[in-house]
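A structural walkthrough
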Amino acid sequence: MEKTSPIIQLRPARLRDYAAIHRIRRSAAQKLSADFGKGEWSNVSWFSTLERGLLDKTLYAIWQNGIVIGTCSLTTIPVGFYNLQRFSQPNAAAFYLRSLSIAPAFQRQNAGRSAMLAAEALAQSRRLTSLRLDTLLAPAGASDFYIRCGYAAAYDDSGLRFFEKNLKVA
């Protein structure tokens, strides 16, 4: 039986979402560590970036049926270590997705795919023509997931694989 995609809302995170987002990121990191052993994904020192994301409106909460089930960061500011010349359209107006995390209880239920579609729709509504991201090349990386979501690998560098999806804007 084919899974149906859940109805997902992607909204800028608010202060009241902080505790849920913190729990989701911690539980996702713990699940990756349990599944793949300790690695870069086990490091939870990046929690201080949550506050910055709340302030600069780049932290998003992923909602389903009235509860926060995931989080990500989206920005139009290129990530400093990205080599823009290695993307198919280096000068495209782009969204950069960072730190997609879905609560383990909602993983493998199309919530991640639905969150990616919501991020793409948000990018298109802002007339952005590309969505870019990176993932680890390590076993805990999500390359296969992003490929299934229609993203193309642009290049590999320093243990990361960089992806992009060029979007149509009306």
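This section reports on the structure supplied with the text. Fair warning: this is a prediction, and the values are worked out from it, not measured in the lab.

Quick look at the overall build of the protein
Assigned secondary structure in the protein consists of 4 helices and 7 strands. Each helix and strand of the protein, ordered N terminal to C terminal, gives the series β-α-α-β-β-β-α-β-α-β-β. Over its C-alpha atoms the protein spans a radius of gyration of 15 Å, differing by no more than 12% from the 15 Å that the globule rule assigns to 170 residues. In the protein, which comprises 170 residues, the share counted as buried stands at 43%. When contacts within the protein are restricted to residue pairs at least 6 apart in sequence, long-range pairs at least 24 apart make up 69% of them. Carbon together with sulfur atoms contributes 53% to the accessible area of the protein, which is approximately 9300 Å² in total.

With respect to the packing of aromatic side chains
What the rule picks out here adds up to 10 aromatic pairs. When the ring of Tyr 155 is compared with that of Phe 162, the centres are 4.3 Å apart and the planes differ by 10°; the resulting orientation is stacked. Overall, Phe 162 belongs to the buried group, its relative accessible area being 1%. An aromatic cluster is present here, built from Phe 81, Tyr 82, Phe 87, Tyr 96, Tyr 155 and Phe 162 joined pairwise through their rings.

Each value, and the rule that gives it
- Every chain is numbered independently, its residues counted from 1 as its sequence is written.
- The predicted nature of this model means local features are confined to residues of pLDDT at least 70 and side-chain atom pairs, given and counted, to a pLDDT of 80 or more, with totals for whole chains, interfaces and linings taken over all residues.
- The side-chain quantities take in all heavy atoms of the structure and omit both hydrogens and water.
- Only runs of H or I of at least four residues qualify as helices and only runs of E of at least two qualify as strands under DSSP, and these elements are numbered from the N terminus.
- In this setup the radius of gyration rests on C-alpha atoms only. A globule is expected at 2.2 Å times the number of residues raised to 0.38.
- With a 1.4 Å probe rolled over the protein chains alone, any residue whose accessible area is under 20% of its type maximum counts as buried; one over 50% counts as exposed, and the rest are partly exposed.
- Pairs of residues are marked as contacts when any of their non-hydrogen atoms sit within 4.5 Å.
- Residue burial considers only the protein chains on display, and all accessible areas are found by Shrake-Rupley using a 1.4 Å probe.
- Paired rings are identified among Phe, Tyr and Trp, the last through its six-membered ring, by centres lying within 6.5 Å, and are further divided according to the angle between planes into stacked (under 30 degrees), edge-to-face (over 60) and tilted (the rest).

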